[in-house]
Amino acid sequence: MNQAINAPRSYSPSRTYVLRTVGFMLFYVLVSVLAIAGLFDSLIGGPGGWVIAVAVAVPVAAQVWATLRLMADSDEFVRVIVTKCFVLAAGTSMVLWTVWGFGEAYAGAPHLDGWLIYPCFWAAYALVSPFVRTSKL
Amino acid sequence: MKNRLRVLRAEAAWTQADLAERLGVSRQAVNALETEKHDPSLDLAYRISALFDRPVEAIFDNAHRASTRGAPGDSQG
């Protein structure tokens, strides 16, 4: 039997993904905490406030990049599982946010800030991922 | 897709992790193949075929070939 089709891989895409995720989330939390602590009070309310808004959004974009890298570096099974989880979580978040948005307009629902869609996405991801166990649709 | 991967792996006395390492995929991928939760790409099927030195159809059932899906008239020889 052929014993070595491919050399053993010491590189773990999942571990790299987790490390990147932790780093990006720490940055997200850091900027948010500093803003809440009042460090950026001189910027808030003016054009400089956009710098803070973009700074918080950068790790979100970076997280999407990390997910794409995970998909590119993983094997075909993991790639499909991650894709399915991402689509289901994004779809769930969009549906919930659409319902709530029109609920605010038509049913007097209390206002929720737009940034909440990101934690909503990850909550949805955590919810759907235990049920995604097959690459088949 | 029905397959003989678990049997072949057992014959080689490999764990799922051993096979995964030889194929360059995750252990989860091997488990998904064995439990028919993942149909391999042609590339992965060829890699498995080469590893066990058997034709692809000796490992994975070809449901589209009459001889493996019990076509009418099979039992009549």
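Residues numbered from 1 in each chain as written. Chains lettered and ligands numbered in written order. Predicted model: local features only at pLDDT ≥ 70, side-chain atom pairs only at ≥ 80, totals over all residues.

### What to know about the overall build of chain B
The secondary structure content of chain B amounts to five helices and zero strands. Written out in order from the N terminus, the α and β elements of chain B read α-α-α-α-α. Here chain B, with 77 residues, has 25% of them falling under the buried criterion. (Helix = DSSP H or I, 4+ residues; strand = E, 2+ residues; numbered from the N terminus. Buried ≥ 20, exposed ≤ 12 C-beta atoms within 10 Å, placed from the backbone.)

### Some words on the UniProt feature "transmembrane region" (unreviewed entry) in chain A
All names here are of chain A. Here the UniProt feature "transmembrane region" (unreviewed entry) sits at residues 21-44, 50-68, 80-103 and 115-132. Structurally, residues 21-44 is divided into 67% helix and 0% strand, and its ends, taken at the C-alpha atoms, are 27 Å apart. Taken as a whole, residues 50-68 contains 100% helix and 0% strand, while its terminal C-alpha atoms sit 27 Å from one another. (UniProt positions renumbered as here; feature names shortened; annotations may be inferred.)

### Quick look at unusual backbone geometry
A negative phi angle characterises most non-glycine residues, just as the trans form characterises most peptide bonds. Residues and elements named next belong to chain B. The residue Glu-36 is not glycine, and still its phi comes out positive at about 60 degrees. With respect to the helices and strands, Glu-36 occurs in the loop between α3 (27-34) and α4 (42-52). Given 13 C-beta atoms within 10 Å, Glu-36 falls into the partly exposed group.

### A short note on the environment of Arg-69 of chain A
Residue and element names in this part refer to chain A. Considering the arrangement of structural elements, one finds Arg-69 in helix α2 (residues 49-73). When the 14 C-beta atoms within 10 Å are taken as the criterion, Arg-69 is described as partly exposed. Separated by 52 residues in the primary sequence, Arg-69 and Tyr-17 have C-alpha atoms spaced 8.0 Å apart.

### A word on the nonpolar core
In terms of nonpolar packing, the biggest core is built from 25 residues, with Phe-77 of chain A together with Ala-29 of chain B touching the most fellow members. Of all elements in the fold, only α3 (76-106) and α4 (117-128) of chain A together with α2 (16-23), α3 and α4 of chain B reach the threshold of two or more residues within this core. When residues in this core are grouped by element, the largest group, eight residues, is from α3 of chain A. Setting aside anything within four residues of it in sequence, one finds Ala-29 of chain B in contact with Asp-75, Phe-77 and Val-78 of chain A together with Ala-20 and His-38 of chain B. (Core = buried A, V, L, I, M, F, W, Y, C linked by C-beta atoms within 7 Å. Contact = placed C-beta atoms within 7 Å.)

### A closer look at the domain arrangement of chain A
Residue and element names in this part refer to chain A. Per the domain assignment, the segments of chain A are domain 1 (13-74) and domain 2 (75-137). Domain 1 and domain 2 are separated by 19 Å when their C-alpha centres are compared. At the interface, five residues of domain 1 touch seven residues of domain 2. (Domains from an automatic or database assignment.)

### Let's talk about the packing of helix α1 (residues 13-36) of chain A against α2 of chain A
All names here are of chain A. Two numbers describe how α1 lies on α2: the axes approach to 9 Å, and their chain directions differ by 175 degrees. The angle between α1 and α2 falls in the class roughly antiparallel. Contacts between α1 and α2 involve Pro-13, Tyr-17, Arg-20, Thr-21, Phe-24, Met-25, Phe-27, Tyr-28, Val-31, Ser-32 and Ala-35 from the former and Ile-52, Ala-55, Val-56, Pro-59, Ala-62, Gln-63, Ala-66, Leu-70 and Asp-73 from the latter. (Axes fitted to C-alpha atoms, helices over the stretch in contact; angles between N-to-C directions. Parallel < 35°, antiparallel > 145°, perpendicular 65-115°, else oblique.)

### Considerations on the UniProt feature "domain: HTH cro/C1-type" (unreviewed entry) in chain B
According to UniProt, the positions carrying the feature "domain: HTH cro/C1-type" (unreviewed entry) are residues 5-59 of chain B. Between the end C-alpha atoms of residues 5-59 of chain B there is a gap of 6 Å, over a span that is 69% helix and 0% strand.

### Concerning α3 of chain A
Taking 1.5 Å of rise per residue, 31 residues should cover 45 Å, and α3 of chain A covers 44 Å from first to last C-alpha, within 8% of that figure. Within the span of α3 of chain A, buried status applies to Phe-77, Val-78, Val-80, Ile-81, Val-82, Cys-85, Phe-86, Ala-89 and Ser-93 of chain A. Against the buried residues of α3 of chain A lie α2 and α4 of chain A together with α3 of chain B. Of the residues flanking the end of α3 of chain A, it is Gly-108 of chain A, one or two places downstream, whose phi is positive at about 70 degrees. (Expected span 1.5 Å × (residues − 1).)

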